[in-house]
Amino acid sequence: MQHSNIWHLKQFKVIYFAFIGLVLVSFNFVLNDALHKKIHTSGQQLVKQIYDLNLAPSINNEVLAALVKSEGFMLKPQVPAEHFKHLVSVEHDVFTYKTLSLSFYHYSTWVKQGYLFVLLNLVIIGAACWFYCWWSLLKEAPKKAVQKALIKSPKLIKPKHKEVGVTKQVKSCELSSLYGVSLASHSLFILIECTCNFDKNTDKEASFKVAIIKNFTELKSVSVELLNSHYLAVTLQNVPVTQLDRYVEKLHKTVFLLCRNHQNTITRKNIKVGSCNYRIGADQITVYQLAKSALTLSQSSLLQHCHRLPLNHSQEKLLSSEQVIENVKKNKFILFFQPLFELSTGDILQHEALMRVRHSQHGLLAARYFINQVYSNQDALILDKAVIGQVKKLILSEASALTVSINLHPNNWFNNEFWEWLPSQLAELKLKLNAKLQFEISEADFFAHRDSMAKPLNIIRQSNSQLVIDNVQSSEKIAALVEHSEVCAIKLSYELVHLLNEKTHNQKQITKIVESARYLNLPVFAVGVETQKELFMLAKLGVVGAQGFYFSEPLQEFTQAVFH
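Caption draft 1: Highlighting the pattern of salt bridges. A complete count under the given rule lists nine salt bridges for this structure. Here D245 and R308 are joined by a salt bridge, their closest N and O atoms 2.7 Å apart. Here the residue D245 occupies a position in helix α6 (residues 244-262), and R308 occupies one in strand β7 (residues 306-310), the gap between them amounting to 63 residues. Given the relative accessible area of 27%, R308 is considered partly exposed. The shortest N-O distance in the salt bridge between E352 and K491 comes to 3.3 Å. A residue pair is termed long-range when its members are at least 10 positions apart, and E352 in strand β9 (residues 348-359) and K491 in strand β14 (residues 487-492) qualify at 139 residues.

Here it is as C-alpha cells:
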C-alpha cells in the first residue's frame, strides 16, 4: 500500500508539471499574438498621423525618422550586436492609410515587451508552485497527525489502566530525571603505566594507595597493587555502568597529580591507562588481557591517554548445555525481569523474562553464558517449558495488568511437541484478561523461516498473544510485516543502540526503521541503553520505549520497578 501511494504521488507530479508546462507554452503564444496585433495597430496609427501632417517622406526624412523612432519603429533595419544576432530578429511590415503606404521595421514582440513576458511567466510559475505546496501540506496533514498519534499511542499500548499496579505514572518530569531506579554496576580492572621517578625514601605503592583510596571513598572496594617500578594495577568495584569512563579519567587525573608533586616535568602523556570493565564471575585472565590491550592502545596514541575495553558476552566463559539442563531439571534457576519504559511518560510497557541459572562457583549466570550452546529439541523443550511455566505462575499470582515477553529457543519454533503443549498453558492466562504474553524472535530467524512457521503464528494469534521482532538492524524487510497482524513491536539490535550518539550511520538507520514502522502502526523499542546520551538520541529519533542498565538492573519481582 505504501509503495502504491508513492507511485500515485509520482504520477500526479508528472501530470501536474506537464500540465503547467502546456499552460505556459499556450499562454506565451497568445501573449505574443496579442502584442503583435498591438504593434500593428500602432503602425497604422503612425501612418495616419503622417498622412494628416502631409509629410513627404523624400523631403522631410529627418522629421519622419524621429517620428517613427518615437513610436518604436525603424525606417531601415538595424543590425543587432554580434552576440545577439542569432537571438534578436528584426521584423518588417507595410502599413497603409488611404493613399499612403510606408514600410517600417521593428524588433520582435518578445524583445520589445520582454519584461512583460518575464513578469507574467513568473506569476504563473509562482502560483503553480504555491498551489502544489498547499496541496502537499493538505495531503500530508492527516498522515502527520496519524504518525504523531502512533508515537503517543502505539499499537502495543492499550489505554492506561487506573488500578494500582506496576508503576506510578510520572507526567511532568524531565527525561534525564525520569528514571529514578537503581543503576547497574560493573567492576573496573585498570593497568597504569607511570614513568615518574619517586624519591628513594618514598614508598611508591603506599603513596598510590593513599591517594587513590582518598579520591574514591564513594566506592565500596578499591585495591591498588604496584606491579613494578613503572606499572600499577587498580581494581574499582561497584562502578555505575553510566560512569565507567568518568572513573577511568578521574583515576588518570589522580595519578598525574600525585606524580606532579614528585616530578615537575611530568606531563599527562607520561601517564597511560588501559582498563576493562566486567561483572562478577568473569574470567580474570581474560579481563587482564583486555586491560593490557587497552593499555597498548593508549601507549600508541599521542592524544588519547585512556582506553577502556568491555568484557563482551562472546569473551566470557560459557556454561555447557548439559549443566544448564541438569540445573533446570533440578529447579536451580530463577527468572528476572527487565522492564521496558515508555520514553514519553515513564510507564512500564512490558517486562522481558530473563533466566538465571545457578552455578556452584559463579552463582547466578545470565542466559548469554549458555543460550548459544547446541541443544537437542528435547533439551530446548525443557528449557522453554520451565520458563513459561514460571512466568505463568507469576502472572496468575499478580494482581496488576502485566505484559511479559519471552525469548523462545530457536529450536522450539519448529518443534510440534512444544506448540501442542503451549495452547493449554495460554488458555489458563485467558482467564486473566489483562495479562499478555509476547514471544520474541530475531529478525533474521523470522524472515528466514516464516513460511514454515504457519502453525506457531496461528496459535499466537488465536491465544491473544503477540510477537515481537527482535534484533532489527535495518528497515529493508519491515514492510513485509504488514502481512502479520500478530507482530506488535520492533526491537532494535544492541549494535545499533550502543554509542548511538557518536555514530551518524546508526542514527540514519534507526530513522529509516522508525519511519517504516510508523506506516504499519508498530512501535520501535531500543535495548541495551547504557548512557543518557544514547537515551536522548533515541527519543529524538522517535523511538517509543527503551530498556537497559541505564534504567534498571533486571528485577526479581515486577513490583520492584516503581518510580520514586
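Caption draft 2: The environment of S101, seen in detail. Mapped onto the secondary structure, S101 falls in strand β2 (residues 100-107). On the accessibility criterion, S101 (45% relative accessible area) is partly exposed. Remark: the alpha-carbon pair of S101 and Y51, spanning 50 residues in sequence, is separated by 9.5 Å. Every residue in contact with S101, bar those within four places of it in the chain, is listed here: F95 and T96.

Caption draft 3: A look at empty space enclosed by the protein. Across all of its chains, the model carries two cavities of 30 Å³ or more by this definition. Each pocket or cavity is described by its volume, and for the second largest cavity that value is around 30 Å³. Elements with a minimum of two residues in the lining of the second largest cavity: α11 (443-449) and β13 (466-472).

Caption draft 4: Local environment of the state of the cysteines. Throughout the structure, instances matching the rule amount to zero disulfides. Free cysteine C194: the closest other cysteine sulfur is in C259, separated by 3.1 Å.

Caption draft 5: Up close: the sheet that holds strand β6 (residues 271-278). Strand order in the open sheet made by the five strands is β4-β5-β3-β6-β7, with mixed pairing throughout. The sheet terminates laterally at β4 (222-226) and β7, the two strands that pair on one side only. Taken over all neighbouring pairs, the strand axes of this sheet differ in orientation by 15 degrees on average, direction set aside. Strand contacts of helix α7 (residues 284-299): β3 (185-194), β5 (231-240), β6 and β7, with the helix running at about 145 degrees to β6, the strand carrying the most contacts.

Caption draft 6: Fine view of the nonpolar core. Core analysis: the biggest nonpolar cluster contains 66 residues, and V391, F439, L467, L481 and L492 have the highest contact counts within it. The greatest single-element share of this core, amounting to seven residues, is contributed by helix α9 (residues 377-397). If near-sequence neighbours (up to four positions away) are discounted, L481 is found in contact with F446, F447, I469, V487, I490, L520 and L522. Among the nonpolar cores identified, the runner-up in size contains 29 residues, and F198, I212, V234 and V273 belong to it.

What counts, and at which threshold
- Residues numbered from 1 in each chain as written.
- Predicted model: local features only at pLDDT ≥ 70, side-chain atom pairs only at ≥ 80, totals over all residues.
- Heavy atoms only, no water.
- Salt bridge = Lys/Arg side-chain N within 4 Å of Asp/Glu carboxyl O.
- Helix = DSSP H or I, 4+ residues; strand = E, 2+ residues; numbered from the N terminus.
- Buried < 20%, exposed > 50% of the residue type's maximum accessible area, 1.4 Å probe, protein only.
- Contact = heavy atoms within 4.5 Å.
- 1 Å grid on protein atoms, 1.4 Å probe; cavity = no way out; pocket = protein on both sides within 12 Å on 5 of 7 lines; lining within 4 Å.
- Points joined across faces, edges and corners; volume = space filled by probe spheres on them.
- Disulfide = S-S within 2.5 Å.
- Pairing = 2+ DSSP bridges.
- Axes fitted to C-alpha atoms, helices over the stretch in contact; angles between N-to-C directions.
- Core = buried A, V, L, I, M, F, W, Y, C linked by side-chain atoms within 4.5 Å.

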